[in-house]
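Take a look at the letters that make up each chain.
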Amino acid sequence: MFKWIIRSKSFMAGFLFLSVLMLLSIGNTLFNDGEIRRDAFLSDENGTIIAAPPYPPFTVFPLGSDLEGYDLLHMMIEGAKITIGIALMIAVLRIALGLLIGSLLGMYARRWIAPFEKIFSSFTLIPLSLVAAFLLHNVLMMQPDGFENPFWQRALFEVFILTIYAVPTLAIFQANEIKRLHDEDFMEAASVLGGGPRHKMKVHIFPHLKENLMQLSIQQFIQVLIVLSHLGVLNLFFGGTYVDYGGGGPPKSMYYEWSGLVGVYIRSLNFHPWIALVPIAFFTLTILAAQLMLNGLKKADEQANEEKKIRHAASAEIQSDHDESFTLSLKKDA
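Since this is a predicted model, take the numbers as computed values, not measurements. (Residues numbered from 1 in each chain as written. Predicted model: local features only at pLDDT ≥ 70, side-chain atom pairs only at ≥ 80, totals over all residues. Heavy atoms only, no water.)

Novice: Break down the side chain of N235 for me, citing the residues and quoting the values.
Specialist: The topology assignment puts N235 in the loop between helix 9 (197-233) and strand 3 (241-242). The contacts of N235, once residues within four sequence positions are left out, are M141, T241, P251, G263 and R267. (Helix = DSSP H or I, 4+ residues; strand = E, 2+ residues; numbered from the N terminus. Contact = heavy atoms within 4.5 Å.)

Here it is as structure tokens:
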């Protein structure tokens with residue numbers, strides 16, 4: 001299947017976009033200490049101020065600046081590793097926990113799959129953004145006397161909430177897949193030959209599941225990005241939302257994570273629309289890149305399965321010709 005993935009233009013386009021974005025972001029941290037370009041004002045040769053932020057796109061900076069003169073493109077690049085890294089980590093944790101619990105259900109407690117499915121089926125109907133906003137508000141929103149918990153506790157709690165909500169649905173999906181595989185002929189043959197649960201899981205079941213794990217991971221990655229953007233609009237930024245109770249200013253993100261930038265800049269949409277549209281555009285492009293990768297994986301999977309069918313058909317035809325030749329030789333000898 002790997003060769004079909006490499007040949008997929010849609011997968012490679014999405015993969016290269018995300019890879020280049022991550023490399024630029026990591027490089028800015030390593031070689032530029034994470035600093036962001038800024039022009040507080042523009043002056044002529046005589047020192048007269050001729051322009052002040054925010055700068056429109058294609059003037060001082062390629063995508064313009066915010067109200068304080070910071071380069072928006074540079075901020076998006078710096079925040080890419082945080083946003084994409086968080087979404088990728090949560091997606092992987094979801095898949096890992098879902099696979100672990102689903103494997104236990106599918107191998108040792110198949111009769112509990114249906115009751116669990118009835119209980120947790122409603123999870124898909126309740127928007128995660130609303131549940132997360134309710135659970136995270138008191139933790140992420142800064143109080144007048146400051147944050148009650150340090151950053152790592154706030155971030156860990158947010159990752160836990162965004163991860164655990166999707167685990168039951170993924171676990172039931174994996175359990176049903178394992179239950180379906182148990183009805184296949186090769187599983188019955190493995191049982192007859194004395195294969196234990198671990199052997200069957202490692203040799204027979206996991207190779208069938210791993211073809212879908214990458215697709216599921218990308219789907220979860222897209223869902224996490226969407227939820228993070230929703231939380232940003234609700235002023236719930238990753239790791240905490242700074243509130244200036246003394247000055248009365250708008251909530252601020254303490255990092256360059258994109259959902260925080262969306263929440264901070266959304267108020268500029270009516271006056272300086274490019275400021276808010278830049279982080280929204282990067283969210284959109286990242287989701288589109290992930291969707292391209294997902295489409296490429298699905299097409300590669302179809303091509304790989306088609307190749308297997310052709311190979312099996314050719315092998316069966318060769319075996320049939322061999323058997324026919326062997327029969328004719330026996331008749332001649334007789």
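Novice: Describe the layout of surface pockets, listing the residues and the values that go with them.
Specialist: Of the pockets and cavities examined, the largest pocket occupies roughly 470 Å³. If you go around the largest pocket, you meet 19 residues; those closest to its centre are D66, E68, K252, V264 and Y265. Counting only elements with at least two residues in the lining of the largest pocket, the list comes to strand 4 (252-253) and helix 10 (258-265). The element best represented in the lining of the largest pocket is helix 10, accounting for three residues. Its residues assigned to classes, the lining of the largest pocket comprises twelve nonpolar, three polar and four charged. (1 Å grid on protein atoms, 1.4 Å probe; cavity = no way out; pocket = protein on both sides within 12 Å on 5 of 7 lines; lining within 4 Å. Points joined across faces, edges and corners; volume = space filled by probe spheres on them. Nonpolar A, V, L, I, M, F, W, Y, C, P; charged D, E, K, R; others polar.)

Novice: Break down unusual backbone geometry for me, with residues and values.
Specialist: Following P53, the chain continues into P54 via a peptide bond in cis, with omega recorded as 5°. Of note, P54 is situated in the loop between strand 2 (49-51) and helix 3 (72-108). Positioned with a positive phi, D33 is a non-glycine residue whose angle comes to about 55°. With respect to the helices and strands, D33 occurs in the loop between helix 2 (9-32) and strand 1 (42-43). For F58, which is not glycine, the phi dihedral falls at a positive 60°. Relative to the assigned elements, F58 resides in the loop between strand 2 and helix 3. The exposure class of F58 is exposed, given its relative accessible area of 72%. (Buried < 20%, exposed > 50% of the residue type's maximum accessible area, 1.4 Å probe, protein only.)

Novice: Talk me through the packing of aromatic side chains; I want residue IDs and the actual numbers.
Specialist: Evaluation of the coordinates by the stated rule reveals six aromatic pairs. Put simply, the rings of W258, F282 and F283 touch in pairs and so form one group of aromatic residues. One residue, R154, lies across the ring of F147, its end atom 3.9 Å from the ring centre. (Phe/Tyr/Trp six-rings, centres within 6.5 Å; stacked < 30°, edge-to-face > 60°. Lys NZ or Arg CZ within 6 Å of the ring centre and 35° of its normal.)

Novice: So what about the environment of V243? Which residues, and what values?
Specialist: By the element assignment, V243 lies in the loop between strand 3 and strand 4. Setting aside anything within four residues of it in sequence, one finds V243 in contact with M141 and M142.

Novice: Describe the pattern of salt bridges, and please don't skip the residues or the numbers.
Specialist: Following the criterion strictly, the structure yields two salt bridges and no others. Linking K81 and E78 is a salt bridge whose minimum nitrogen-to-oxygen distance equals 2.8 Å. Within this pair, K81 and its partner E78 are both found in helix 3, separated by three residues, close to a single helical turn. Its relative accessible area of 8% is what places E78 among the buried residues. (Salt bridge = Lys/Arg side-chain N within 4 Å of Asp/Glu carboxyl O.)

Novice: Any details on the nonpolar core? Residues and values, ideally.
Specialist: Within the largest apolar cluster, 56 residues are counted, with the highest numbers of intra-cluster contacts made by L162, F221, L231, W258 and Y265. Going through the elements one at a time, helix 1 (2-7), helix 2, helix 3, helix 5 (128-140), helix 6 (151-164), helix 9, helix 10 and helix 11 (273-333) are the ones with two or more residues in this core. Per element, the largest residue contribution to this core is 13 residues, and it comes from helix 11. Setting aside residues up to four positions removed in sequence, L162 forms contacts with I90, R94, L128, A132, V227, L228 and L231. Grouped together as the second largest cluster of nonpolar side chains are ten residues, I95, L170, I205 and L209 included. (Core = buried A, V, L, I, M, F, W, Y, C linked by side-chain atoms within 4.5 Å.)

Novice: Go over the side chain of Q220 with me, naming the residues and quoting the values.
Specialist: Mapped onto the elements of the fold, Q220 is located in helix 9. On the basis of relative accessible area, Q220 is assigned to the buried category, the value being 5%. With sequence-adjacent residues up to four places away left out, Q220 is seen in contact with A91, R94, I95, A166 and L170.

Novice: Any details on a nonpolar patch on the surface? Residues and values, ideally.
Specialist: A contiguous nonpolar patch, built from L97, L100, I101, L104, Y108, F134, L135, F157, F160 and I164 and spanning about 980 Å² of accessible area, is present on the exposed surface. When contributions to the nonpolar patch are tallied by element, the ones reaching two or more residues are helix 3, helix 5 and helix 6. Looking at which element gives the most residues to the nonpolar patch, the answer is helix 3, with five residues. Within the secondary structure, F157 is located in helix 6. (Patch = residues over 30% accessible without salt bridge, like charges linked within 9 Å, V, L, I, M, F, W, Y side chains within 5 Å. Areas by Shrake-Rupley, 256 points an atom, 1.4 Å probe, with all protein chains shown as cover.)

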